[in-house]
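Secondary and tertiary structure notes
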Amino acid sequence: AKKTAAPPRRRQAGAMQVLVVEDDETIAEPLCAGLTREGFDVRHAPTGAAALAAEPADLVLLDLGLPDLDGRVVCRELRERSAVPIIVVSARGDEIDRVILLELGADDYVVKPFGFRELVARMRAVLRRSDSHQASPADTLDVGGLHIDRRSRAVTVEGRHLTLTPKEFDLLVHLAAHAVDDAHGAH
Ligand code: CA
């Protein structure tokens with residue numbers, strides 16, 4: 001008997017959101033389809049600008065050779081905003097080493113052409129690592145729609161990232177901590 005097709009797993013509740021930053025459609029298309037089959041909620045950004053404009057994801061696959069921006073710049077920019085795990089995808093394997101990765105703030109890398117199985121294994125490993133280092137409640141503050149992660153120094157309002165200077169961030173943490181105290185009757 002013919003097996004019925006598995007129900008589509010796209011957009012399932014709680015699925016890990018992966019942002020695939022890749023300009024080459026011949027790579028992006030099968031990659032996005034494969035990751036969707038693996039149960040990831042996949043979004044595709046074909047340029048660096050699209051990657052920086054995308055909603056925050058749980059993991060970023062970042063091709064370094066992009067048409068508009070230097071992938072290394074995109075990587076640094078993403079890292080400045082949040083602690084999202086980043087796996088760099090490079091066609092220039094010999095130019096990528098651990099030192100460059102650390103400088104960029106990336107968590108791991110794969111070199112093209114990479115095996116799909118290997119990539120998914122690395123993705124799951126990186127997600128496991130970031131999960132075990134997940135912020136404890138004391139590292140985060142929630143006031144109204146405001147969410148502050150003191151560890152990664154990331155601030156979101158209703159899910160949108162705020163870009164703050166270090167001083168602004170410290171002031172906001174100070175004010176938010178007082179608001180939380182007030183709400184708990186600490187005064
Ligand atoms: Ca490319």
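My aim in this report is to walk through the structure given alongside it, one point at a time.

Quick notes on the rules
Residues numbered from 1 in each chain as written. Predicted model: local features only at pLDDT ≥ 70, side-chain atom pairs only at ≥ 80, totals over all residues. Heavy atoms only, no water. Pairing = 2+ DSSP bridges. Helix = DSSP H or I, 4+ residues; strand = E, 2+ residues; numbered from the N terminus. Salt bridge = Lys/Arg side-chain N within 4 Å of Asp/Glu carboxyl O. Buried < 20%, exposed > 50% of the residue type's maximum accessible area, 1.4 Å probe, protein only. Patch = residues over 30% accessible without salt bridge, like charges linked within 9 Å, V, L, I, M, F, W, Y side chains within 5 Å. Areas by Shrake-Rupley, 256 points an atom, 1.4 Å probe, with all protein chains shown as cover. Axes fitted to C-alpha atoms, helices over the stretch in contact; angles between N-to-C directions. Contact = heavy atoms within 4.5 Å.

A few points about the pairing of strand β6 (residues 140-143)
- Where β6 lies against strand β7 (residues 146-149), four bridges are found, and the strand directions are antiparallel. Bridged to T140 within β7 is D149.
- With antiparallel pairing between neighbouring strands as the criterion, β6 and β7 make up a hairpin whose turn holds two residues, including G144 at a positive phi of roughly 60°.

Structural notes on the pattern of salt bridges
- Throughout the structure, instances matching the rule amount to 10 salt bridges.
- Put simply, K112 and D63 hold a salt bridge, and the shortest N to O gap is 3.3 Å. In this pair, K112 sits in the loop between β5 (108-111) and α5 (116-132) while D63 sits in strand β3 (residues 59-63), placing the two residues 49 residues apart along the sequence.
- Between R153 and D170 there is a salt bridge, with the nearest N and O atoms lying 3.1 Å from each other. One end of the pair, R153, is in the loop between β7 and β8 (154-157); the other, D170, is in helix α6 (residues 166-183), with 17 residues separating them in the sequence.
- Note on D170: relative accessible area 43%, which makes it partly exposed.
- Among the charged side chains, a salt-bridge network with shared partners connects E22, D63 and K112.

Some thoughts on a nonpolar patch on the surface
- A cluster of nonpolar side chains, contributed by V157, L162 and L164, occupies part of the molecular surface with about 190 Å² of accessible area.
- Note on L162: relative accessible area 39%, which makes it partly exposed.

A word on the sheet that holds β3
- Spatially, the five strands line up as an open sheet ordered β2-β1-β3-β4-β5, and their pairing is parallel. For this open sheet the edge positions go to β2 (41-45) and β5, each flanked by a neighbour on one side alone. Neighbour-to-neighbour, the strand axes of the sheet open up by a mean angle of 20°, direction not taken into account.
- Seen against the sheet, helix α1 (residues 25-37) touches β1 (17-21), β2 and β3 and runs at an angle of roughly 165° to β2.
- Of the strands in this sheet, β3 and β4 (86-90) touch helix α3 (residues 71-81), which is tilted by about 160° from β3.

Read these as spatial facts, not as claims about activity.
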